[in-house]
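Letter by letter, the chains look like this.
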Amino acid sequence: MTEPTPETAIRLWTPTGFREDEWAHAESADALSGNGRFILPLQAFLELDPQLRRSAKERIGVLLQPGDELDKIAGLLDQLSLVALAFPAFNDGRSFSKGELLRSRHHFEGPVRATGQVLVDQLPHMLRLGFDEFEVSHPVLLKRLEEGRIGGLPLSYQPTAKPEAKGPKYSWRRERTV
């Protein structure tokens, strides 16, 4: 395995800025035998003993790939502290829908994290849909975030999981408040 270079290093960004990441990605539940907080693949999470899932809730997150069904964890969200949604390619937007459904339909209040191909143009949309943590490695996005520039259009025409103030005169026009 190669070590990340400064050009490819992943940094955690939230709307309040960059911060240290308390979570580590793990491939299996064996990681839970040590200390720390771990993001497990969906299947590893589902295979955990239900008692362990409840007792270690503060240390367990799950990573959903675009093809993973959100319904598999819908009844287990109270046993999770974090849900990470993968964006393995810039042209696969299925995780956008999962993020919005986690907030609007399932009322998940914990962190929703974007991993993988988090790009400049997508970040404002992810914020509107309820994502609040981002694993960023794209150099252009890293530079913009370091400069405090999120980007995006200031107006939107449809409501999302994250409520926004109504725009002047039109109930359907909203100004971004990020």
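Residues numbered from 1 in each chain as written. Predicted model: local features only at pLDDT ≥ 70, side-chain atom pairs only at ≥ 80, totals over all residues. Heavy atoms only, no water.

Visitor: What's the story with the pairing of strand β8 (residues 133-136) in this structure? I'm lost.
Guide: In β8, alternate side chains face the same way, and those of Glu133 and Glu135 on one face and Phe134 and Val136 on the other are all buried. Pairing of strand β1 (residues 11-14) with β8 involves 3 bridges; the strand directions are antiparallel. Looking at the pairing, Trp13 lines up with Phe134 of β8. Regarding the hand of the β-α-β motif, the stretch spanning strand β7 (residues 112-116), helix α5 (residues 123-129) and β8 is right-handed. (Buried < 20%, exposed > 50% of the residue type's maximum accessible area, 1.4 Å probe, protein only. Helix = DSSP H or I, 4+ residues; strand = E, 2+ residues; numbered from the N terminus. Pairing = 2+ DSSP bridges. Right-handed = clockwise from strand over helix to strand, strands pointing away.)

Visitor: In this structure, what is going on with the pattern of salt bridges? I would like to understand it.
Guide: Side-chain pairs of opposite charge can arise whenever the charged atoms involved come near each other. The full count for this structure, using the stated rule, is 11 salt bridges. For Arg103, the salt bridge is made with Asp132, and the minimal N-O distance between the two is 2.9 Å. On the criterion of sequence distance, the pair formed by Arg103 in helix α4 (residues 94-104) and Asp132 in the loop between α5 and β8 is long-range, its members being 29 residues apart. Of the residues examined, Arg103 reaches a relative accessible area of 16% and is grouped as buried. Of the residues examined, Asp132 reaches a relative accessible area of 26% and is grouped as partly exposed. A network of salt bridges, in which partner residues are shared, links Arg19, Asp21, Arg113, Glu133 and Glu135. (Salt bridge = Lys/Arg side-chain N within 4 Å of Asp/Glu carboxyl O.)

Visitor: Mind showing me how you'd approach the side chain of Ser81 here?
Guide: As for its position among the elements, Ser81 is in the loop between α3 (71-74) and β6 (82-87). There is a polar contact of 2.7 Å between the side chain of Ser81 and the backbone oxygen of Lys57. With near-sequence residues (within four places) excluded, Ser81 lies in contact with Trp23, Arg37, Lys57, Glu58, Ile60, Phe108, Gly110 and Pro111. (Polar contact = N/O pair within 3.5 Å; in protein donor to acceptor, adjacent residues only side chain to side chain. Contact = heavy atoms within 4.5 Å.)

Visitor: Could you clarify how one ought to interpret the packing of aromatic side chains in this entry?
Guide: By convention here, two paired aromatic rings are described through the distance between centres and the angle between planes. In this structure the tally under the stated criterion is 4 aromatic pairs. Relative to Phe134, the ring of Trp13 lies with its centre 5.7 Å away and its plane at 45 degrees, an arrangement referred to as tilted. One end of the pair, Trp13, is in strand β1; the other, Phe134, is in strand β8, with 121 residues separating them in the sequence. Note on accessibility: Trp13 and Phe134 belong to one class, buried. With 5.1 Å between their ring centres and 75 degrees between their planes, Phe87 and Phe96 make a pair best called edge-to-face. The class for Phe87 is buried, based on a relative accessible area of 0%. (Phe/Tyr/Trp six-rings, centres within 6.5 Å; stacked < 30°, edge-to-face > 60°.)

Visitor: Explanation requested: the side chain of Asp92 in the structure shown.
Guide: Structurally, Asp92 is set in the loop between β6 and α4. Note on Asp92: relative accessible area 16%, which makes it buried. Side-chain polar atoms of Asp92 contact the side chain of Arg94, separated by 2.7 Å. Residues contacting Asp92, with those up to four places away along its chain left out, are Pro66 and Phe87.

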